[in-house]
Structures are given as structure tokens and as C-alpha cells.
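Residue strings, one per chain:
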Amino acid sequence: MDDLNPLQTVRAPGRPEQGDASGRAFCQRIVRVAVRSLYAELVLYPKPGLVSKIDNGSHTDMTAATFVRSLFALRRYFADITRAGMLDAPFHVLKQLGIDAEARMLRATGGINTHRGAIFCLGMLCAAIGRCRAHGDALTPARIGELLRACWGQALGAHSVVNGEPVSHGARAVLRYAASGAREEGALGFPSVFDVGLPALHRALAAGRGMREARIDALFALMAHISDTNVYHRGGVEGALTVRRQARAFIARGGTAAPDWEARALASHRSFVAARLSPGGAADLLGAVCLVHAVTTR
Ligand SMILES: CC(C)(COP(=O)(O)OP(=O)(O)OC[C@H]1O[C@@H](n2cnc3c(N)ncnc32)[C@H](O)[C@@H]1O)[C@@H](O)C(=O)NCCC(=O)NCCS
Ligand SMILES: Nc1ncnc2c1ncn2[C@@H]1O[C@H](COP(=O)(O)OP(=O)(O)OP(=O)(O)O)[C@@H](O)[C@H]1O
């Protein structure tokens, strides 16, 4: 038994345990919220270039059904990583849970990458939410962010350096275009979630718009702001400029406050599909925004 692995103190061999009844109920609640958040991202429409229930956007190898299969396979992961956070597990434990979850996702989808970024980003957030609960702190975005940085910030910084791992599309985009991507976002404590996506969602809700509109505004705010390695991988520097320009133009017209917002979002969707662009990193971060919003508003 590895003494450094706190999960083993609550896990009978081959049978994951979630500790006492209230801890178990908490983990199950976070699983529901995480899965619903990713589902909310999936069904949102129109999202430029991205897969939804209406169409597959710029993707030929996956449909909404592929994402739903993947989501079912990730339920145990979200419970395990929340529990690991409650136990203040070191980063290498979280990392192994992430690696196992990626393998389950790939088995569920027949080798298609549906949720790689979400496994990383929502997984780390679930761990921080678990930590927050273990401290007995009120669940607020600020506290979740603080605990994430305090507990795993240093390890996330080290994780931002690709080291002896198989070279992914993201790592290639980082090297070739000096894009920042998911690893740097993680190293900084996911500032795009807390400082960009969530405020955009809150602004739209405070202005009296609905959740659908608020999610669209959050997605465009993220597209305008982040350095998305999916976009660089598919469209290079030109593609990244197109995504940022179109997102900024949408926001400059008032986002979903503009009466013609839906036609504009749809026009972006069509032009992204024509150019095979897909802002998958922004989609992952939107799922994370939905998660943080849901756990901090009930
Ligand atoms: C860091 C991760 C995302 C790998 O990133 P990398 O850039 O090397 O790979 P890849 O291109 O395959 O995936 C990148 C993913 O991030 C998303 N993404 C792209 N740009 C961004 C961005 N700026 N911000 C957030 N997410 C982004 C993409 O949608 C994609 O899903 C992660 O999957 C990982 O480290 N996996 C190994 C297991 C692990 O260590 N997990 C950590 C604890 S959970
Ligand atoms: N609704 C969505 N539609 C498309 N991608 C999404 C969606 N939600 C999240 N994503 C993210 O986008 C990534 C998929 O990107 P993509 O298929 O372009 O990457 P890839 O598998 O690395 O490369 P490629 O398919 O170009 O060989 C997923 O890892 C996922 O994290």
C-alpha cells in the first residue's frame, strides 16, 4: 500500500468508497452538477464550430451521442476526484485519476477525444470544491479559486511543462505558436473561469437575460480571451485571429443583449464550420463556468 496515496485510506480494493454518508452525498451532488454542466454546454446552440444536439459543427468524428457516452463514463471520476480533494490528496493522485478517466473516456467513445480538457479543468475544480467542503468553508468562487491555488498551484505550475509525455495536439500548438493552452490556464488557477466566463454569465443574468443567453455570452467572452490550442491546431494563427475577432465583434454589439444576437451567433457558427474551426478549449471552460456557478448559487 502506498502511504502517500490518501485515496487508499478510504478505498477498499477494487471498490471506491466515498467516506461517511454526508461526504458521499456531497460527492454524488458534485457528480450530478459536473455532468449537468457538461451536458448544458453540449446542448447549448448556436455555438460556433462546436458539437451540439442540432449538428456536429466542424467535427466529422463525433456527435452529441459520443459526448453523452463519454459523460456516463466520467461519473465515477468526478466522485473520486471530489473525494480526493476532501482528503487533500497530492497532485500525483489527482493526475492518476485524470489519466484513468481519459482512458475510460477513450474506451467509451471508441478512441475519440470528447472531454480531455474538461477532465482536467472540471476535475481540478471538483477537487478544490471538495477541499472547500472539508474546510467547512462557504462555497464561493473566490474560495474555490484560492484553495485550488493553495493546494495544487505549485504542482499545476510544474505540470504546465510538457515532460517526457506523448506529444499532444495542445503541446504541439504551445511549441509552434507559443499558445498558452490548458496547462498554462491550470498553472494560473483557471483565471478564465473566475475572471472572464463567470463574470460574463453573472452580468447577463443580472441584466435579466435567461440562462441560455448567459451561457452564450460566457462562451463568446472565453473565445475572445483565451489562447485555445484546439483552434491553433486546426487553424493556425489565422484561425486564432478569426475566432478572437468574431467573438470580440459579437461582444461589441452587446452580446445577447442585441436583438439580432441569435442570427449573429449562427453566422459565426456557419463561418467556423466552413473554416473547420472549433473553440473546444472555450467549450471546456464554459462547462467549468456552469459547474462553479451551480455549486456557488444554491
Ligand atoms: C493538461 C491536459 C488538458 C493535456 O493538455 P495538452 O495540451 O497536452 O493536450 P490536448 O491537446 O490533447 O488537450 C488539450 C485540451 O485542453 C483544452 N484546451 C485548449 N486550450 C485551452 C485553454 N486555453 N484553456 C483550457 N482548456 C484548453 C482542449 O479543448 C483540449 O481538450 C490534461 O489532459 C492532462 O494533463 N492530462 C494528463 C492527465 C493529468 O495529468 N491530469 C491532471 C489532473 S486532472
Ligand atoms: N461541444 C463541443 N464540441 C467540440 N469540442 C468540444 C466540445 N466541448 C468540449 N470540446 C473540447 O474540444 C476537444 C475536441 O477537439 P478536437 O476534436 O478538435 O481535438 P483533437 O481530438 O485533439 O484533434 P482532431 O480531431 O483535430 O484530430 C475536446 O477535447 C473537448 O475538450
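Criteria and thresholds
- Residues numbered from 1 in each chain as written.
- Chains lettered and ligands numbered in written order.
- Predicted model: local features only at pLDDT ≥ 70, side-chain atom pairs only at ≥ 80, totals over all residues.
- Heavy atoms only, no water.
- UniProt positions renumbered as here; feature names shortened; annotations may be inferred.
- Helix = DSSP H or I, 4+ residues; strand = E, 2+ residues; numbered from the N terminus.
- Buried < 20%, exposed > 50% of the residue type's maximum accessible area, 1.4 Å probe, protein only.
- Near = heavy atom within 4 Å.
- Polar contact = N/O pair within 3.5 Å; in protein donor to acceptor, adjacent residues only side chain to side chain.
- Areas by Shrake-Rupley, 256 points an atom, 1.4 Å probe, with all protein chains shown as cover.
- Nonpolar A, V, L, I, M, F, W, Y, C, P; charged D, E, K, R; others polar.
- Core = buried A, V, L, I, M, F, W, Y, C linked by side-chain atoms within 4.5 Å.
- Contact = heavy atoms within 4.5 Å.

- Named according to an unreviewed UniProt entry, the protein chain is Probable 2-(5''-triphosphoribosyl)-3'-dephosphocoenzyme-A synthase originating from Massilia aurea.
- UniProt lists a comment for the protein chain under the heading Catalytic activity (unreviewed entry), and it reads "3'-dephospho-CoA + ATP = 2'-(5''-triphospho-alpha-D-ribosyl)-3'-dephospho-CoA + adenine".

### Structural notes on the environment of alanine 182
Working step 1: Note on placement: alanine 182 falls in helix 8 (residues 181–187).
Working step 2: Note on alanine 182: relative accessible area 41%, which makes it partly exposed.
Working step 3: In this structure, the C-alpha to C-alpha distance between alanine 182 and phenylalanine 120, residues 62 residues apart in sequence, is 8.2 Å.

### Re the site of ligand 1
Working step 1: Taken together, 27 residues surround ligand 1, and among them Arg116, His159, Ser168, Asn230 and Asp284 come closest.
Working step 2: Here an oxygen atom of ligand 1 and a side-chain polar atom of serine 168 are 2.7 Å apart.
Working step 3: In the model, an oxygen atom of ligand 1 is placed 3.2 Å from a nitrogen or oxygen of the arginine 183 side chain.
Working step 4: Look at ligand 1: alone it shows 900 Å² of surface, and the protein chains cover 94% of it.
Working step 5: For the shell around ligand 1, the elements supplying multiple residues, two or more each, are helix 4 (91–109), helix 5 (116–135), helix 7 (169–177), helix 8, helix 11 (229–252) and helix 13 (280–296).
Working step 6: Examining the composition of the shell around ligand 1, we find that five residues originate from one element, helix 4, more than from any other.
Working step 7: In terms of residue class, the shell around ligand 1 is built from nine nonpolar, eleven polar and seven charged.

### Focus on the site of ligand 2
Working step 1: Ligand 2 sits among 19 residues. The nearest are Asn113, His169, Asn230, Arg234 and Asp284.
Working step 2: Note that a nitrogen atom of ligand 2 is positioned 2.9 Å from one of the side-chain N or O atoms of glutamate 41.
Working step 3: A distance of 2.8 Å separates an oxygen atom of ligand 2 from a polar side-chain atom of asparagine 113.
Working step 4: Here ligand 2 loses 87% of its free accessible area of 630 Å² to cover by the protein chains.

### Observations regarding the nonpolar core
Working step 1: In this structure, Phe78, Met124, Ile144, Trp152, Val193 and Leu291 are the most contacted members of the largest nonpolar core, which totals 84 residues.
Working step 2: Looking at this core element by element, the count peaks at twelve residues for helix 5.
Working step 3: Apart from the residues lying within four places of it in its own chain, the contact partners of leucine 291 are Val33, Ala34, Ser37, Leu122, Leu125, Cys126 and Ile129.
Working step 4: In terms of nonpolar packing, the next biggest core, distinct from the first, is built from six residues, Val51, Ala64, Phe67 and Ile112 among them.

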